[in-house]
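For reference, the chains in residue letters:
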Amino acid sequence: MNNTEIIELAHRNMVDVYGCLPLAFARGHGSYLYDADGNRFLDFFCGLAVTSLGHGHPRVVRAIKEQAEKLTHVSNVFHTEPTARLLERLANRFGGGKVFLGNSGAEANEAAIKLARRWGSNEGGGRFEILATLGSFHGRTLATLSATGQEKYHQGFHPLMPGFRLVPFDDVAAFDKARQDQTVGILIEPIQGEGGVVVPHNDYLKRMREWCDRNNVLLILDEVQTGIGRTGKFFAYEHAGIKPDIVTLAKALGGGLPIGAMIARPEIGASFTPGSHGSTFGGNPVACAAALAVLDALEQDGVMDNAATVGAYMLERLGKFAKTCDRIVEVRGLGMIIGVVLKHDARPIVDACVKDRLLVNGTAGNVLRLLPPLNLTREEADAGLAIIENALTTVPVAK
């Protein structure tokens, strides 16, 4: 089938919630995707920070093939080797913890919310409330939506779940003012991705860790988008030299397969007992095998160092270009999560880049978000940035 046939077939039958671009991809290799008509696109979107090793990475492909030939699924009331090994790797990465495996970031955040409430019920004096931040995004389920600090995602879904309140991001004093007797935890992103690649002050996470310790409140970090090497370190919180009580992961963890994880300090994780939470497909052995291959690549192939160095180069080049381009308000980010804040809507620039065979994403209205593969080469970075700079130079500004 060609592009047109695939698109028409899909739209005859799908619930239209994605606002899809008119592209149908058939295969990928490295940092490139190929549509059904054979056109090649440089991918600075990565399925929204999912295919962080690019497409068709040999380690991931081999792991999926080998595991699929052995065993694709058993109930998680049993055990499999890939699941056990992944649990150990993630727990060790956290510095000792208890891990729950699900299928997505929303599931990981749901688990974190439920665990915080369970801990609050058992150990925290009956506390249940979670404070989250304006501009945040935590998922599409009703609970994670209630914790999300963007009204546009709430429209049509009221009443939202009780037990959540929102305060400004990057403002420790706001949490102090908002805390009540029933507050059990705070849920924040180290960098707000969907909110526009909003990077807080360098000491924000450190100060929030100290605040949580003083108030006996759980620090829950949503690293669904920033984790698994995206910022140049495995966890973004490592840049701050702190450790949360609970962290959530997903997106890049499975190298393209659906998997999410919640990791908690052992004394917090112990609040979950048999029957208190679960997921039919959580810990699927094929997804876990893929995740193990991703971790191997991060630890053995220099991927995180590359994300840090090439990401810094991209930020530097974009920063220099911004000084000559009055359409750019700010360039911000860390590692391979980069936001170019524009004075106008980002969609015309996204469309122009797509026409020039570069996939980028617009978020928060006026932010051009770049989420390239962590193993992107400098030459590929230059090729993509040249397309972005050309679009920002030539595309007319909407009146």
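Residues numbered from 1 in each chain as written. Predicted model: local features only at pLDDT ≥ 70, side-chain atom pairs only at ≥ 80, totals over all residues. Heavy atoms only, no water.

(A) Structural context of the overall build of the protein chain. Along the backbone of the protein chain there are 14 helices and 15 strands. Over its C-alpha atoms the protein chain spans a radius of gyration of 21 Å, differing by no more than 12% from the 21 Å that the globule rule assigns to 399 residues. Taking the principal axes of its C-alpha atoms as reference, the protein chain extends roughly 60 × 55 × 45 Å. A total of 399 residues make up the protein chain; the buried ones form 54% of that total. Counting only contacts in the protein chain whose residues sit at least 6 apart along the sequence, the fraction spanning at least 24 positions is 70%. (Helix = DSSP H or I, 4+ residues; strand = E, 2+ residues; numbered from the N terminus. Rg over C-alpha atoms; globule rule 2.2 N^0.38 Å. Buried < 20%, exposed > 50% of the residue type's maximum accessible area, 1.4 Å probe, protein only. Contact = heavy atoms within 4.5 Å.)

(B) Representation of the pairing of strand β9 (residues 246–249) within the structure. Burial along β9 is two-sided: the face carrying I246 and T248 and the face carrying V247 and L249 are both buried. For strand β8 (residues 218–222) and β9, the ladder comprises three bridges, and the chain directions are parallel. Paired with D222 across the bridge in β9 is T248. With four bridges joining them, β9 and strand β10 (residues 260–264) adopt antiparallel strand pairing. Residue pairing in the sheet places L249 in a bridge with A261 of β10. (Pairing = 2+ DSSP bridges.)

(C) Highlighting the pattern of salt bridges. As enumerated under the stated definition, the model contains 15 salt bridges in all. Among the salt bridges present, the one from D351 reaches R347, with a minimum N-O distance of 2.9 Å. A residue pair is termed a helical-turn pair when its members lie 3 or 4 positions apart in one helix, as D351 and R347 do in helix α13 (residues 347–355) at four residues. Overlapping salt bridges, with partners in common, bring together R89, R93, D296 and E299 in one network. (Salt bridge = Lys/Arg side-chain N within 4 Å of Asp/Glu carboxyl O.)

(D) Focus on the sheet that holds strand β12 (residues 337–342). Pairing in this open sheet of four strands is antiparallel, and the strands run β11-β12-β15-β14 from one edge to the other. Edge strands, defined here as strands with exactly one partner in the open sheet, are β11 (328–334) and β14 (361–363). Each neighbouring strand pair of the sheet contributes to a mean axis angle of 25°, computed without reference to strand direction. Helix α12 (residues 303–322) contacts β11, β12 and β15 (367–370) of the sheet and is inclined by roughly 170° relative to β11. (Axes fitted to C-alpha atoms, helices over the stretch in contact; angles between N-to-C directions.)

(E) Representation of the environment of L187 in the model. With respect to the secondary-structure elements, L187 resides in strand β7 (residues 183–188). On a C-alpha basis, the gap between L187 and I246 in space is 9.3 Å, while along the polypeptide they are 59 residues apart. Apart from the residues within four sequence positions on either side, L187 is in contact with I130, L131, A132, T133, H138, A147, I220 and D222.

(F) Spotlight on helix α3 (residues 58–70). Here α3 spans 19 Å end to end across 13 residues, near enough to the 18 Å set by a 1.5 Å rise per residue. Considering only its buried residues, α3 is in contact with α4 (81–93) and α11 (285–300). (Expected span 1.5 Å × (residues − 1).)

(G) Region of the structure containing the packing of aromatic side chains. Taken as a whole and judged by the stated rule, the model has seven aromatic pairs. Judged by centre distance (4.8 Å) and plane angle (15°), the rings of F235 and Y237 are stacked. Pairwise contacts between aromatic rings join F94, F234, F235 and Y237 into one cluster. Here the guanidinium or amino end of R27 rests over the ring plane of Y34, the centre of that ring lying 3.9 Å away. Above the plane of the ring of Y313 lies R378, whose end atom (NZ or CZ) is 3.8 Å from the centre. (Phe/Tyr/Trp six-rings, centres within 6.5 Å; stacked < 30°, edge-to-face > 60°. Lys NZ or Arg CZ within 6 Å of the ring centre and 35° of its normal.)

(H) Representation of a nonpolar patch on the surface. Judged by side-chain polarity, V15, V17 and Y18 come together as a nonpolar surface patch covering roughly 380 Å² of accessible area. Assessed through its relative accessible area of 65%, Y18 is described here as exposed. (Patch = residues over 30% accessible without salt bridge, like charges linked within 9 Å, V, L, I, M, F, W, Y side chains within 5 Å. Areas by Shrake-Rupley, 256 points an atom, 1.4 Å probe, with all protein chains shown as cover.)

(I) Representation of unusual backbone geometry within the structure. Residue H158 is joined to P159 through a cis peptide bond whose omega torsion reads 5°. Checked against the element boundaries, P159 lands in the loop between α7 (151–154) and β6 (164–167). Notably, C46 is not glycine yet its phi reads approximately 55°, a positive angle. Checked against the element boundaries, C46 lands in helix α2 (residues 46–49). Residue classification places C46 among the buried residues on the basis of a relative accessible area of 1%. At D170, a residue that is not glycine, the phi angle is positive and equals roughly 60°. Turning to its location among the elements, D170 is positioned in the loop between β6 and α8 (172–178).

(J) Structural detail: the packing of α13 against helix α14 (residues 378–394). Between α13 and α14, the shortest axis-to-axis distance is 9 Å and the interhelical angle comes to 130°. Classified by the angle their axes make, α13 and α14 are oblique. As α13 packs across α14, the resulting crossing turns out to be right-handed. Facing I349, A352 and C353 of α13, the residues of α14 in contact are I387, I388, A391 and L392. In terms of residue class, the contact of α13 with α14 is made up of seven nonpolar, no polar and no charged. (Parallel < 35°, antiparallel > 145°, perpendicular 65-115°, else oblique. Left-handed = near helix turned anticlockwise from the far one by under 90°. Nonpolar A, V, L, I, M, F, W, Y, C, P; charged D, E, K, R; others polar.)

(K) Spotlight on the nonpolar core. Ranked by size, the top nonpolar core spans 85 residues in total, and within it L90, I186, M314 and I388 carry the most contacts. Here the element with the most residues in this core is α11; it accounts for 11 residues. The residues contacting L90, other than those within four sequence positions of it, are V99, L101, F234, L249, L253, A261, I263 and L295. If you look at the next biggest cluster of nonpolar residues, it comprises 21 residues, including A111, I130, A132 and F164. (Core = buried A, V, L, I, M, F, W, Y, C linked by side-chain atoms within 4.5 Å.)

These figures capture arrangement, not role.
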